[in-house]
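Report on the structure
Okay, here's what each chain looks like letter by letter:
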Amino acid sequence: MFIPLFTLSSSVSGIMLRVLLALLPAIAVYVWYYGPAILVSLSLASITALATEAVMLKLRNRPVAPFLGDFSALLTAWLLALSIPPLAPWWLVVVGTMFAIAIAKHLYGGLGSNPFNPAMVGYAVLIISFPATMSHWLSPLAHAQTSLSFADQLGYIFGNPLPGSTTLDAITSATPLDHLKTQLHGGVSVHDAMQSQVYGYLGGYGSEWVAAAFLLGGIYLLGSRIISWYLPVTFLVSLFATAGIFHLANPELYAAPLFHWFSGASMLAAFFILTDPVTSPTTQKGKLIFAAGAGFLTYIIRVFGGFPDGVAFATLLMNICVPLIDLYTQPKVFGQKASTSNKQERP
Amino acid sequence: MRQLFTFHGGVHPPANKTQSNRTPIMQAGIPEKLVVPLHQHAGNTAKPAVQIGERVLKGQLFGMPEGSVSSAVHAPTSGTVAAIDMQVVAHASGLPDLCVTLIPDGKDEWVPRKQTDYRTTPPAELRNLLRMAGVVGLGGAVFPSDVKLRPGAAKMKTLVINGAECEPYITCDDMLMRERADEIVRGAEMMRHMLEAEEVLIGIEDNKPEAIAAMQQAVQQCGFARMEVVTVPTVYPGGGAKQLIRVLTGIEVAAGVRSIDLGVQCFNVATAYSAHRAVEHGEPLLSRIVTITGNVAQPQNFEALIGTPISVLISKAGARPDTTAHIMGGPMMGIRLPSAEVSLTKACNCIIESSPALFPPPPPAMPCIRCVRCADVCPADLQPQDLYWFARSKNFGKAQEFHLFDCIECGACSYVCPSHIPLVQYYRFAKSEIWANEREKKAADIARERHEFHLLRQEREKQEKQAAKDKAAAAAKAKAEAKADIKPEARPAEPDQIDTLRAIVRETAHPEVVHSDAETKD
Amino acid sequence: MFTALIIMSLLAVLLGAVLGYSALKFKVEGNPLVDKIDAILPQTQCGQCSFPGCKPYATAIASGEAEINRCPPGGEEGIRKLAELLGRDFVPFGDDAAAQKPKSVAIIDENTCIGCTLCIQACPVDAICGAAKQMHTIIASECTGCELCLEPCPVDCISMIPIREDITTWKFRFPSAPASRRAEKDKEALTA
Ligand code: SF4
Ligand code: SF4
Ligand code: SF4
Ligand code: SF4
């Protein structure tokens, strides 16, 4: 007999489904600016994730149907696909997703037991193993010297050479973060570097709107109470503050905080990656510490590290600390808070 | 307006109270057979005070309270005692317990009743009267009321009367307040008098406007100046004793702390009513109001004699064939009854008939995803997901460290869990394992002490024997050397030596086992 | 390079000194290990471990003379606790170990008892009362179920009855949820 006799009609699958829903606007904007290639990698990742999940569940002797239906594997797949270049060859997506699901998730005990964010583990493995392939980002359609047909893109993803005289450079470009880093290394100031067409109003041309769409989806999640404000707000504030301090110290060397908000995976991390409940702290105070740390590390790795973005490594580093954070931020239980009225009453 | 306080968390499950509170309380009458358990209260089982075959009158003592925390049990009507034996009772275990079976004679003939004026009676005498009248907390915890009325360490400030009735489906307190507000209020005033409390606050959730109006009118009519009916917001579990005390006074009563030591005490409205009947009418606790609801034709409240078979009440409310389980208590905290043949006890405030159509079983449990929806609603500020983890891995020490015993088993966490984990079942499991461990440890400690004393005694006997032998030898010697003037040196073991040994034994034994048997929901 | 080495070794020496000092400083009087082991043993005092009681067995374990799997009343749970306390591996009961029995209490058949007092002398916890030539009884709440009184009784009037669960000792069962149950088995398989 299950007591309570009735429960709230929420479920894991319902939660995951709404998170997926919240990603849709960003995907739409992505397609608008960069063409439909992203849809291919999303589908590839989804199929791989579901297949891997099913195989792993079978191997672990777990019922397949309820776990496949919880959409958590699908969410991992989408997050990973959104973090890697859409024009990446098919095996890159497949390897990354398989690693994320089989190793990062199931080897650690499956849903609910994995200490590291699976999507970020997948991303980290790819960027360490295939740094060059991982840097071929599509240029926004408006900037590309030639535009590829969808069929050509599909062909390229599955290993065909690019048609005719098209070179890879003609259709890809560095991300704004990468571009800025290279320029700064070359002695160009932030202000001058930012004159390039790579940049838009706040972040990168095009990508800033994708970030804005992530923000929109995030606000929907906040509104429907799927996530709480602790993680995203603290992360963004921490990133803003860190970037702000550096920017104030030397605006020629360090970009403005808003630029950091709207470039790279900042918004995606704030609302979709850090908020993964399994790999984030459970206490409110812990969430503040976790997100603040992640924001700080993201900036440091992004600006001073060798990788194009810092979100994945910042997330993974903070994931390691979660058990410790949880342990040291246990809230006071009922009756142990020194409430004023209690003090007066105690003899 | 009085300043109210809040507690962390809470949920808003659908109330489902209107099904059963539209008709007045119905008298269930005298059934053919009454089975009255002798252990219906927290504390020790009452000792049987009747014999098989004896004719008893209504209100005659069935069971005598034993020990300081116990309560009396009475014959609910007049008749003949048919059996005193082990019968399955309304308990989650489905195990039998000692019961008195009474065959009513239908005359409903009372023992002589003595009315008492509480104003001229010393509190100690009143407490004994309540104990002998079998008055216990009727909110479900059945803690003997006389024990809760013993003065505490602090000066009593507030007496809280709990009419919140926060759990869905249950309406017995609601109906009692609507129909018998006057007697509740008088009972409350008597309790205030006994505790010498400064004020009485009657907390009622705002979804019971009729009850609030009736109670306010009763307070006004009786002219009790220090009594106030306070409307509190509807939130589950706002009717938990600790939560209501917090809302009304701002005081938080931690686990293992007696609220009376903080100057506040809490009683259920039905308890106040029964206390009034017991003292001013001389009527012991023989019946209670019980809500029969869920899958029945006409959900309603009955006033039924303790010992009435539940099945009788269900059929009066119109049993339905597709009922699969009988739940005692509310939908959030209730327990499944072993069968409908068990009898009504003092603890039983509500019976919910459950059918798969009415309460479809939740989907199978998924792993915990650490979403902390449970922690967000926990009224005790616990981390249910951690407790679940420890309870499941049988890491009881850790569970205790994370305040398992502060959990009031309200079920709010299970209610919101998207993984549909039966969290409370895990906590109940862990708690009863810990209690069993403590019992075992206590028994082992006693055995150790007794064994050590046994060894000590053997040692002493040996010494004594040796001494006797020496003495005999000495005596023989003395006889032989009759003229010599030698006194025997050896003596039986020095008494102070034994005392030292005994002290050592006592030190090595460890009798300090703390048993956290906190009074929870009244 | 050298400085690093020197610093590391200094650090090691320092830490070692601190540890050694605290070991001396916080050393507890007596032999707490024996008491700690004794606290885990069930105190049935039955002697099935081949020692005359729990304390002697505890002493033997502490001095390394006995294995930790000799106490049937403690069950596997007891072995597990001992293993944890001593930082050793779990050892199952040997084949020669006495069989585990459900916890019981002894009861004297009052019609047969001849009042010989032999059982009184055998009982390690003085749970039997009675005087010579009087009928004896066992205080059930004090009886540990050690069975030591069975043997000496010349008329075989003592029998053991298993303790049955009643309402006050009943325990809530482990919730049976199909998915998590299997998860648990997996965990066990992994750790085993
Ligand atoms: S609500 Fe359920 S799934 Fe969420 S943290 Fe609590 S126990 Fe885990
Ligand atoms: S059942 Fe216990 S842990 Fe769950 S919400 Fe209630 S008090 Fe908190
Ligand atoms: S076998 Fe008997 S005497 Fe030996 S430790 Fe166990 S309970 Fe004690
Ligand atoms: S009565 Fe018998 S079984 Fe019980 S403790 Fe004494 S000797 Fe052992």
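Predicted model only: the values in this text are computed from it and were never measured. (Residues numbered from 1 in each chain as written. Chains lettered and ligands numbered in written order. Predicted model: local features only at pLDDT ≥ 70, side-chain atom pairs only at ≥ 80, totals over all residues. Heavy atoms only, no water.)

Points about the overall build of chain A
Secondary structure assignment for chain A yields 17 helices and two strands. Rg of the C-alpha trace for chain A: 22 Å, near the compact-globule value of 20 Å for 347 residues, within the 12% margin. Counting only C-alpha atoms, chain A reaches 85 × 55 × 30 Å along its principal axes. When burial is assessed residue by residue, chain A has 54% of its 347 residues classed as buried. (Helix = DSSP H or I, 4+ residues; strand = E, 2+ residues; numbered from the N terminus. Rg over C-alpha atoms; globule rule 2.2 N^0.38 Å. Buried < 20%, exposed > 50% of the residue type's maximum accessible area, 1.4 Å probe, protein only.)

Some thoughts on unusual backbone geometry
Here the amide bond leading from Tyr-236 of chain B into Pro-237 of chain B is cis, since omega sits at 0°, within 30 degrees of zero. With respect to the secondary-structure elements, Pro-237 of chain B resides in the loop between strand E11 (227-232) and helix H5 (241-249). Of note in the backbone geometry, Asn-61 of chain A takes a positive phi value of approximately 65° without being a glycine. Tracing the backbone through its elements, the reader meets Asn-61 of chain A in the loop between helix H2 (37-59) and helix H3 (64-68). In this structure Asn-61 of chain A comes out as exposed when scored by relative accessible area, which is 52%. Of note, the phi angle at Thr-117 of chain C is positive, near 65°, even though the residue is not glycine. Mapped onto the elements of the fold, Thr-117 of chain C is located in the loop between strand E1 (104-108) and helix H5 (118-122).

A short note on the confidence of the model for chain B
All names here are of chain B. Across chain B, the average pLDDT comes to 89, with 92% of residues at 70 or higher. Below pLDDT 50 for its whole length, residues 486-495 participates in eight contacts with residues either more than four positions away or in separate chains. Low pLDDT, under 50, characterises residues 504-522; the predicted model gives this stretch 43 contacts beyond four residues in sequence or across chains. Here the predicted complex scores 0.85 on pTM and 0.87 on ipTM. (pLDDT = per-residue confidence, 0-100. Contact = heavy atoms within 4.5 Å.)

Things to note about the sheet that holds strand E15 (residues 325-328) of chain B
All names here are of chain B. Read from one edge of the open sheet, six strands run E1-E14-E13-E17-E15-E16, paired in mixed fashion. The sheet is open, and its two borders are formed by strand E1 (26-27) and strand E16 (335-336), each paired with just one other strand. Where strand E13 (residues 287-294) lies against strand E17 (residues 350-354), four bridges are found, and the strand directions are parallel. Paired with Thr-293 across the strands is Ile-352, a residue of E17. In the packing of helix H7 (residues 310-317) onto the sheet, the strands contacted are E13, strand E14 (300-305), E15 and E17, and the crossing angle to E14 comes to about 145°. (Pairing = 2+ DSSP bridges. Axes fitted to C-alpha atoms, helices over the stretch in contact; angles between N-to-C directions.)

Considering the packing of H2 of chain A against helix H4 (residues 72-83) of chain A
Residues and elements named next belong to chain A. Packing of H2 against H4 leaves a shortest axis separation of 8 Å and a crossing angle of 145°. Considering only the axes of H2 and H4, their crossing is right-handed. From H2, Ile-38, Ser-41, Leu-42, Ala-45, Ser-46, Ala-49, Leu-50 and Glu-53 reach across to H4, where they touch Ser-72, Ala-73, Leu-74, Ala-77, Trp-78, Ala-81 and Leu-82. Across the contact of H2 with H4, the residue classes break down as 11 nonpolar, three polar and one charged. (Left-handed = near helix turned anticlockwise from the far one by under 90°. Nonpolar A, V, L, I, M, F, W, Y, C, P; charged D, E, K, R; others polar.)

Comments concerning the domain arrangement of chain A
Interfaces are frequently sized by the accessible area removed from exposure as the parts join. All names here are of chain A. What the domain assignment lists for chain A is domain 1 (1-173) and domain 2 (174-329). Using only C-alpha atoms to locate each centre, domain 1 and domain 2 end up separated by 20 Å. The partner domain 2 presents 31 residues to the 33 residues of domain 1 that form the contact. A buried area of about 2,900 Å², summed over both sides, lies between domain 1 and domain 2, and 76% of it is on carbon and sulfur atoms. Where domain 1 packs against domain 2, one counts zero salt bridges. Linking domain 1 with domain 2 are three residue pairs in polar contact (both at pLDDT 80 or more). By residue number, the principal contributor to the side of domain 1 that touches domain 2 is helix H1 (residues 12-34), which donates 12 residues. Grouping the constituent residues of the side of domain 1 that touches domain 2 by class yields 25 nonpolar, seven polar and one charged. (Domains from an automatic or database assignment. Buried area = accessible area lost by both parts, 1.4 Å probe. Salt bridge = Lys/Arg side-chain N within 4 Å of Asp/Glu carboxyl O. Polar contact = N/O pair within 3.5 Å; in protein donor to acceptor, adjacent residues only side chain to side chain.)

Observations regarding the environment of Ala-75 of chain B
Residues and elements named next belong to chain B. Take Ala-75: it is sitting in the loop between strand E6 (73-74) and strand E7 (79-88). C-alpha separation for the pair Ala-75 and Phe-62, spaced 13 residues apart in sequence, amounts to 5.9 Å. Excluding anything up to four places from it in sequence, Ala-75 contacts Val-56, Leu-57, Lys-58, Gly-59, Gln-60, Phe-62, Leu-102 and Leu-286.

Some words on the packing of helix H15 (residues 284-304) of chain A against helix H16 (residues 311-328) of chain A
Residues and elements named next belong to chain A. At a minimum axis distance of 8 Å, the contact between H15 and H16 shows a crossing angle of 150°. By the angle between their axes, H15 is roughly antiparallel relative to H16. Considering the relative orientation of H15 and H16, their crossing is right-handed. Contacts between H15 and H16 pair Gly-286, Ile-289, Phe-290, Gly-293, Ala-294, Leu-297, Thr-298, Ile-301 and Arg-302 from the former with Val-311, Phe-313, Ala-314, Leu-317, Met-318, Asn-319, Val-322 and Ile-325 from the latter. Across the contact of H15 with H16, the residue classes tally to 12 nonpolar, four polar and one charged. (Parallel < 35°, antiparallel > 145°, perpendicular 65-115°, else oblique.)

Regarding the interface of chain B and chain A
In this complex, chain B contributes 59 residues to the contact, which on the side of chain A involves 44 residues. Its largest share of buried area at the contact with chain A, chain B owes to Glu-252, Ile-369 and Arg-370 of chain B, together 17% of the area lost on that side. At the boundary of chain B and chain A, one finds one salt bridge. Elements with a contribution of two residues or more to the side of chain B that touches chain A: H5, E15, E17, helix H8 (373-377), helix H9 (384-392) and helix H11 (412-416) of chain B. Sorting elements by how many residues they give to the side of chain B that touches chain A places H5 of chain B first, with four residues. Among the residues making up the side of chain B that touches chain A, the classes are represented as 33 nonpolar, 14 polar and 12 charged.

Some words on the site of ligand 4
If you check the shell around ligand 4, you find Ala-106, Cys-123, Pro-124, Val-125, Ile-128, Ile-138, Cys-143, Thr-144, Gly-145, Cys-146, Glu-147 and Cys-149 of chain C and nothing else. Its residues assigned to classes, the shell around ligand 4 shows nine nonpolar, two polar and one charged. (Near = heavy atom within 4 Å.)

Points about the side chain of Thr-121 of chain B
Examined against the element boundaries, Thr-121 of chain B turns out to sit in the loop between strand E8 (96-104) and helix H1 (123-132). In this structure, Thr-121 of chain B is in contact with Thr-116 and Leu-126 of chain B, ignoring residues within four places of it in sequence.

What to know about the domain arrangement of chain B
Residue and element names in this part refer to chain B. By domain assignment, chain B separates into domain 1 (26-106 + 123-328) and domain 2 (364-458). A separation of 28 Å is found between the C-alpha centroids of domain 1 and domain 2. Taken together, the two surfaces of domain 1 and domain 2 that pack against each other cover about 470 Å², and 60% of this comes from carbon and sulfur. Taken together, the connections running from domain 1 to domain 2 amount to zero salt bridges. Across the contact surface, domain 1 and domain 2 share two residue pairs in polar contact (both at pLDDT 80 or more). The residue makeup of the side of domain 1 that touches domain 2, split by class, is three nonpolar, one polar and no charged.

Examining the site of ligand 2
Around ligand 2, the surrounding shell consists of Cys-378, Pro-379, Pro-384, Cys-407, Ile-408, Glu-409, Cys-410, Gly-411, Ala-412, Cys-413, Val-424 and Tyr-427 of chain B. The residue inventory of the shell around ligand 2, partitioned by class, reads 10 nonpolar, one polar and one charged.

Things to note about helix H6 (residues 269-280) of chain B
All names here are of chain B. Between the first and last C-alpha of H6 there are 16 Å, a value that for 12 residues agrees with the 16 Å anticipated at 1.5 Å per step. Burial analysis of H6 places 11 of its 12 residues in the buried class, which makes it a mostly covered element. Within the sequence span of H6, burial applies to Val-269, Ala-270, Thr-271, Ala-272, Tyr-273, Ser-274, Ala-275, His-276, Arg-277, Ala-278 and Val-279. As for H6, its buried residues are in contact with H1, helix H2 (145-148), strand E9 (158-162), helix H3 (172-195), helix H4 (209-222) and strand E12 (264-268). The N-cap residue of H6 is Asn-268: its side-chain oxygen and the backbone nitrogen of Ala-270 are 2.7 Å apart. (Expected span 1.5 Å × (residues − 1).)

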